[in-house]
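Structure assessment
Listed here are the chains, written in short residue letters.
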Amino acid sequence: GRADCVRRGLNGRRRRTASGLATTVMAATGRTTLSAGKLVGLRRIGDDAGHFRMVATDQRPPIFNIIRAARGDDEVTYDDVAAVKRTLVDSLAGEATAMLLDPTWGVPVSLTRTRGDAGLLVTLEHHEFEECARNARKSRAIADWSVAKIKRMGADGVKVLAWYRPDAPRDVCEAQKAWVRSVGAACAAHDILFLLEFLVYPLEGDADQTRGYEEHKSKRPELVVDSVREFAKPEYGIDLFKLESPIPAKELPAPGAPGSDEAQAWFDRFGAAAHVPWVMLSAGATMQQFKYVLHYAYRAGASGFLAGRAIWLKSMQDCYPDLA
């Protein structure tokens, strides 16, 4: 069951070829051509129809939490985390068009275990963030890690998670936008794909406070749509968006149920705002919840998914530390 979401829930998707996706990127960013490196990257991370079935194993705190819960101990060793990531790659790389690895635990133990004919994406951002006024968050790169190093190791794309709230303090918003802009410029200079993920999070005074990587349970959909609209601007150089559901996954109605038309309208809004190809992240949704997310997303024009916990979390929770 670990790869069920990779195999299922894909009926009705709108497929586009890699060349069609390249045309979309060029039109959105004002480029007359797409560089060779970015075009090859798009082709390598998707299938022949331009559909992305990508698996994320770069999670850090969520994997730490699985280990802590199973062992009843706050201590998490490097070998514990590396073993989980190695098992995920061994179990799922055969089903995916691309794998997303982190450079600290994932790359050292899993790089040679990925398929040579599949894409490779590597994380740039540190999992810890700087907390600012009103609980606003600033992202940062992993120490001694860069776009240049990701390119040199042979990856097809750079993935960045930027915590973002359009209504956060202005200095924080400007810092986040400047950082994303600088990564986009570096990806252009090194001719490598830039995948941007951003997550809405609770500010001071919001309900459902969390400092983790969970979906904000009371997020407002307009914040997600406005964030897509901002980072779709050509100045950021985004080639592919990794987007969260505009409505908390637990609240999404089943397709055809009361409220489904309103849910679809929110997905349509951020699909229209994206301008470049986009895929869905799972943000800890269950498999069933993520199937609903994909239903609405594909109808709004999504090109696939880059998901982790919806695919493998339950199996890891049920089986760890048994990784056989």
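Residues numbered from 1 in each chain as written. Predicted model: local features only at pLDDT ≥ 70, side-chain atom pairs only at ≥ 80, totals over all residues. Heavy atoms only, no water.

This paragraph deals with the confidence of the model for the protein. Low pLDDT means the predicted coordinates in that region are not meant to be read closely. Of the residues in the protein, 90% have a pLDDT of 70 or more, and the chain-wide mean is 91. Contacts of residues 1–14 to residues separated by more than four positions or lying in other chains number 40 contacts, the stretch itself having pLDDT below 50. (pLDDT = per-residue confidence, 0-100. Contact = heavy atoms within 4.5 Å.)

This part takes up the layout of surface pockets. In this structure, the largest pocket encloses a volume near 790 Å³. Along its surface, the largest pocket is lined by 34 residues, and Glu-214, Ala-283, Gly-284, Arg-309 and Leu-313 are the ones closest to its centre. Elements represented by at least two residues in the lining of the largest pocket include exactly helix H4 (61–71), helix H11 (287–299) and helix H12 (309–319). (1 Å grid on protein atoms, 1.4 Å probe; cavity = no way out; pocket = protein on both sides within 12 Å on 5 of 7 lines; lining within 4 Å. Points joined across faces, edges and corners; volume = space filled by probe spheres on them. Helix = DSSP H or I, 4+ residues; strand = E, 2+ residues; numbered from the N terminus.)

This paragraph deals with the packing of H4 against H12. Closest axis-to-axis distance for the H4/H12 pair is 10 Å, and the angle between their directions is 15°. Considering the angle they form, H4 stands roughly parallel to H12. Crossing geometry of H4 relative to H12 is assigned as right-handed. For the pair H4 and H12, the contacting residues are Pro-62, Ile-63 and Ile-66 in the first and Arg-309, Trp-312, Leu-313, Met-316 and Gln-317 in the second. The residue inventory of the contact of H4 with H12, partitioned by class, reads six nonpolar, one polar and one charged. (Axes fitted to C-alpha atoms, helices over the stretch in contact; angles between N-to-C directions. Parallel < 35°, antiparallel > 145°, perpendicular 65-115°, else oblique. Left-handed = near helix turned anticlockwise from the far one by under 90°. Nonpolar A, V, L, I, M, F, W, Y, C, P; charged D, E, K, R; others polar.)

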